[in-house]
Amino acid sequence: MVDCIKLSTLASAVDAELEGDADFEVRKLASLAAAQSSDLSFVSQERYAKHLDQTKAGALILKREWAASFAGNKLIVADPYLAYAQASELFDKLSRLPQGIHASAVVADTAQLAASVAIGAQCVVGENVKLGENVRLYPGVVLGDNVEIGDDSLIHANVTLYHDVRLGERCMVHSGTVIGSDGFGFAPAQGRWNKIHQLGAVVIGNDVEIGSNTAIDRGAIEDTLIEDGVIIDNLVHIAHNVQIGAGSAIAGCVGIAGSATVGKRCTVAGAVAINGHITIADNSHFHGGTIVTKGNDEPGVFASAPPLQSVKKWRRNSVRYTQLDELSSRIKALEKQLESKVSDSKP
Amino acid sequence: MVDCIKLSTLASAVDAELEGDADFEVRKLASLAAAQSSDLSFVSQERYAKHLDQTKAGALILKREWAASFAGNKLIVADPYLAYAQASELFDKLSRLPQGIHASAVVADTAQLAASVAIGAQCVVGENVKLGENVRLYPGVVLGDNVEIGDDSLIHANVTLYHDVRLGERCMVHSGTVIGSDGFGFAPAQGRWNKIHQLGAVVIGNDVEIGSNTAIDRGAIEDTLIEDGVIIDNLVHIAHNVQIGAGSAIAGCVGIAGSATVGKRCTVAGAVAINGHITIADNSHFHGGTIVTKGNDEPGVFASAPPLQSVKKWRRNSVRYTQLDELSSRIKALEKQLESKVSDSKP
Amino acid sequence: MVDCIKLSTLASAVDAELEGDADFEVRKLASLAAAQSSDLSFVSQERYAKHLDQTKAGALILKREWAASFAGNKLIVADPYLAYAQASELFDKLSRLPQGIHASAVVADTAQLAASVAIGAQCVVGENVKLGENVRLYPGVVLGDNVEIGDDSLIHANVTLYHDVRLGERCMVHSGTVIGSDGFGFAPAQGRWNKIHQLGAVVIGNDVEIGSNTAIDRGAIEDTLIEDGVIIDNLVHIAHNVQIGAGSAIAGCVGIAGSATVGKRCTVAGAVAINGHITIADNSHFHGGTIVTKGNDEPGVFASAPPLQSVKKWRRNSVRYTQLDELSSRIKALEKQLESKVSDSKP
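Residues numbered from 1 in each chain as written. Chains lettered and ligands numbered in written order. Predicted model: local features only at pLDDT ≥ 70, side-chain atom pairs only at ≥ 80, totals over all residues.

Undergrad: Would you take a moment to explain helix α4 (residues 311-321) of chain B for this structure?
TA: Because each turn of an α-helix spans 3.6 residues, side chains separated by three or four positions end up pointing in the same direction. If you check which residues of α4(B) are buried, you get B:Trp314, B:Asn317, B:Ser318, B:Arg320 and B:Tyr321. Down the axis of α4(B), the sector holding all buried residues measures 155 degrees, keeping them to one side. (Buried ≥ 20, exposed ≤ 12 C-beta atoms within 10 Å, placed from the backbone. Helix = DSSP H or I, 4+ residues; strand = E, 2+ residues; numbered from the N terminus. Arc of directions from axis to C-beta.)

Below, the structure written as structure tokens:
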């Protein structure tokens, strides 16, 4: 259980101007609708700001311009959504992980561990691994030889990092994720797939968060690269030699094929599939379910998902889809016919 | 190895009327085609009932109306497919897991375990975890602090449940699945993604089965909810604050984005992607590969997947797809032209 | 760190004709562009063969016909890409796994292990498991009862194989993958999903490689089958009773529904979804993102993904997609109208 947090503490944490009782004890964060008298909530959009007399929240994060609409305790900030994000950290109830190495963990003698690391039960740490200050490995994490993890990074339970994977500072990797497995590389010859051993590593920058059950393959020769500040969701497949530019966001169930380059500050919505060996410009955005067959030089917003229909309409339209080229020819023929009739009818 | 099971035992288990040798020893369940003289098979569809003279099965589960077509031992029931499901349990050869706590498991002193639990090798059980009667944790399972699991639930090997996750009674979770990882929530500000710590839990009802390598995120503020009797397949992504209504079935490779609500008794076929913040009515059904961009108020059957084509036809039709709006305008223009010609030709 | 490898050693390994310094010490494999004077690179395509004066590589794998274009050390072969694959094995820096059973592993007394096996830390090996010569289990692997693994197979960290799974020789399974979880089989009756216990196993041939976080379900009654030489990428879902023919390649994020049969030597590109209970002919090929709704008798190349468009064009064309059947009717009407006018105008 998290104990209550004083409003003054929260004001410092989110850099807010406090109006009301600085000693007010906040029990938890809550939505406007669900908040009770001991809860803190937040308003980030104009449309909610009109109904602040209806919330039971004991304290609110909001903008100066909305402050008059609420009678309770206030944390006044320029960006309430950001302040909510900052405040949320104080209420996080993540399982404790005591500093030091759990007795059941198996750590190679050659591993170089900062004094402040926490290594959970049943972890396995390979030869020459380097862990920075405050690195936390939750139970069941396996690190191959020569893995390096920067300060303040957190690896959740049952994650696997293969040999030579490098992860920056302040990263978080969620459970079940695998980083550094072999890329899908085979030389077809003599009627069989001949394995190309994957000699590159995976290099991940600072401030990267990776969701659960995601898979990031090591490079064939050179490294797979994830730059600073990238966020990746659950069940994402990142193939060998992919590069993802700084600040890009990759949502759940996305697949990125080998040697694709995604630019900086891109957003890739859920269930998108990106072809291999293509380059996507910085600041490109893809709607959910898009099949990205080719790259783009200029930023833009792209999509390909076909429209949702009742099965009855979908069946009929699907038949016509397979006839599209023929339908197009028939339109052209009609245009010609009509053209010639117009000529005919001229005197 | 499973020993043989007496037909009388099976008759009791599936509540069948037994015709034939009650002491007949069944070795295993088999399909009609593959069954041998010591095997039990079943008939659930009319079309198979016509060929019962061809099966070598020593015993059959079938309906009364088909009983005359088969000379061997019979288990007569109203719903043979249900009876087959019930009988299958007796033949399950799941790895043994002895009651008690394996010596290699690490269990917090504050955990509250029913006397009948079985905790496998290399498991890790966090602080204040509560496990009901007959809960089984297969090897390598990691439970964060405050996890609660109801009576008779079974967690397969290498599953991770984060802190505060609550799972009901008679649930089954398959290997590699992660429940309670952080939702994909970030406040974009100052040119970076600022993490919103995910404070909600995941609450799962009774009689829920979850496949392997699935990921279910905890809620941002309130909880992610999976109601009673929901079945979820492999590699499914369920984002934060999703709600899935009782009795719904979610097939493999489905992704459900944040705050989507799926009604009760829905079926979602494989590789469907469901958009965030939409509501899907009870009793809705989605064909495989559908991109569900919007919600629906009325039940129905929906689809969106484009038709399968040879690459040659697909290439041509795809070009026309990108010209659809233009083709539509040309049809309209033709209609107008023809309309005016008709007017012209009037005297 | 891998020590240097003599060029003569490499020549033997890839069965090449060596031209130059047989004692040349190769430090690593590198791409043509990145290679330094101590590196080995390779040329597999004509277009690169023209620019061999520009690489700094100390040695090259290439064809006889290109040999004159390069002044350095040469390994001359008929198939340079295959030779590169063969050479890559010598440079692989996979984490060491000493022969024997790690002290922290839990291995059942009834397990039958070849003398040369290596079982890593925190592994769990069930009753009656059989492991062949040189089988390697990396840390955290869990094998259920009666699992059988053939000679020279390698299982990476945190993989789970359920009871009765059989894996052939020279296979590799990457981290997080689950083999043998229950198929998604339920009998709907009495308003609930009644579990059908999955009694079949998974049988996997020789020389099969399976990527990370993939899930392969056991059969309902009979076995799920993966034949020799199949390669499967990351995050692939293979449902119960699927059969995959020898030599087929299944790329990342593919889902194959229950009882589908994929022929031999097929290639299934990324993010393809294959319907259940269909049969795909040998030598069939599917483009990325294809929804395979029906089987095929003849080999061919198939696709279904809709074209990538700017959101603006996509929105407009999507509306027309939902009107396709109507547009088709309007074309037909125009054709009839014009037909009748032609008749009218005949004298």
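The structure having been displayed, the exposition proceeds.
Undergrad: Just to check I follow, could you spell out the domain arrangement of chain A for this structure?
TA: We note that the domain assignment places domain 1 (5-91), domain 2 (100-302) and domain 3 (318-345) within chain A. Taking only C-alpha atoms into account, the centre of domain 2 of chain A sits 52 Å from that of domain 3 of chain A. (Domains from an automatic or database assignment.)

Undergrad: How should the interface of chain C and chain B be read in this particular structure?
TA: Many analyses report the size of an interface as the accessible area lost when the parts associate. Taken together, the 64 residues of chain C in the interface contact 64 residues of chain B. Of all the secondary structure elements, the ones that give two or more residues to the side of chain C that touches chain B are β21 (178-181), β22 (186-189), β23 (192-195), β26 (215-217), β38 (291-292), β39 (301-303), α4 (311-321) and α5 (324-345) of chain C. For strand β40 (residues 309-310) of chain B and β39(C), the ladder comprises two bridges, and the chain directions are antiparallel. Looking at the pairing, B:Ser310 lines up with C:Phe302 of β39(C). (Contact = placed C-beta atoms within 7 Å. Pairing = 2+ DSSP bridges.)

Undergrad: Please explain the packing of helix α1 (residues 7-14) of chain B against helix α3 (residues 80-91) of chain B as it appears in this structure.
TA: Residues and elements named next belong to chain B. At a closest axis distance of 9 Å, the pairing of α1 and α3 adopts a crossing angle of 125 degrees. Compared by their axis directions, α1 and α3 come out oblique. At the point where α1 passes α3, the crossing takes the right-handed sense. In this structure, α1 uses Leu-10, Ala-13 and Val-14 to contact α3, whose residues at the interface are Ala-83, Gln-86, Ala-87 and Leu-90. Here the contact of α1 with α3 is built from residues that sort into six nonpolar, one polar and no charged. (Axes fitted to C-alpha atoms, helices over the stretch in contact; angles between N-to-C directions. Parallel < 35°, antiparallel > 145°, perpendicular 65-115°, else oblique. Left-handed = near helix turned anticlockwise from the far one by under 90°. Nonpolar A, V, L, I, M, F, W, Y, C, P; charged D, E, K, R; others polar.)

Undergrad: So what exactly am I meant to see when it comes to the relation of the copies chain A and chain B here?
TA: The relation between the two copies of this chain is a rotation about an axis and a shift parallel to it. For the pair chain A and chain B, the superposition axis carries a translation of 0.0 Å, the fit reaches an RMSD of 0.0 Å, and the rotation angle comes to 120 degrees. When the rotation and shift are considered jointly, the pair of chain copies conforms to a three-fold rotation axis. The overlap is low: 18% of the interface residues of chain A also sit at the interface in chain B, so different surfaces are used on the two sides. (Least-squares fit on C-alpha atoms with pLDDT ≥ 70 in both.)

Undergrad: Looking at this structure, I do not really get the relation of the copies chain C and chain B. What am I missing?
TA: Mapping chain C onto chain B calls for a screw motion: a turn of 120 degrees about the axis and a shift of 0.0 Å along it, with 0.0 Å RMSD after fitting. Here only 19% of the contact residues of chain C are again contact residues in chain B; the copies associate through non-equivalent surfaces.

Undergrad: Would you explain the sheet that holds strand β24 (residues 202-204) of chain C in this entry?
TA: Within a sheet, adjacent strands bond to each other through the backbone by hydrogen bonds, running parallel or antiparallel. Residues and elements named next belong to chain C. Pairing is parallel in the open sheet, where nine strands are placed in the order β10-β13-β16-β19-β24-β27-β30-β33-β36. Pairing within the sheet leaves two strands with one partner each, and these edge strands are β10 (112-113) and β36 (279-280). Of the pairings in the sheet, the one linking strand β30 (residues 243-244) to strand β33 (residues 261-262) comprises two bridges and is parallel in character. Pairing of Ile-244 across the sheet is with Val-262, part of β33.

Undergrad: I would appreciate a short explanation of the environment of B:Leu137 in the present structure.
TA: Residues and elements named next belong to chain B. Note on placement: Leu-137 falls in strand β14 (residues 136-137). For the pair Leu-137 and Gly-258, spaced 121 residues apart in sequence, the C-alpha separation works out to 29 Å. Ignoring sequence-local partners within four residues, the contact set of Leu-137 consists of Ile-119, Gly-120, Cys-123 and Ile-155.

Undergrad: Which parts of the structure should I look at to understand the interface of chain A and chain B?
TA: Of the residues lining the interface, 65 residues belong to chain A; the matching set on chain B comes to 64 residues. Going through the elements one at a time, α3 (80-88), β40 (309-310), α4 (311-321) and α5 (324-345) of chain A are the ones with two or more residues in the side of chain A that touches chain B. In terms of residue count, the dominant contributor to the side of chain A that touches chain B is α5(A) (seven residues). For the side of chain A that touches chain B, the residue count by class is 29 nonpolar, 27 polar and nine charged.

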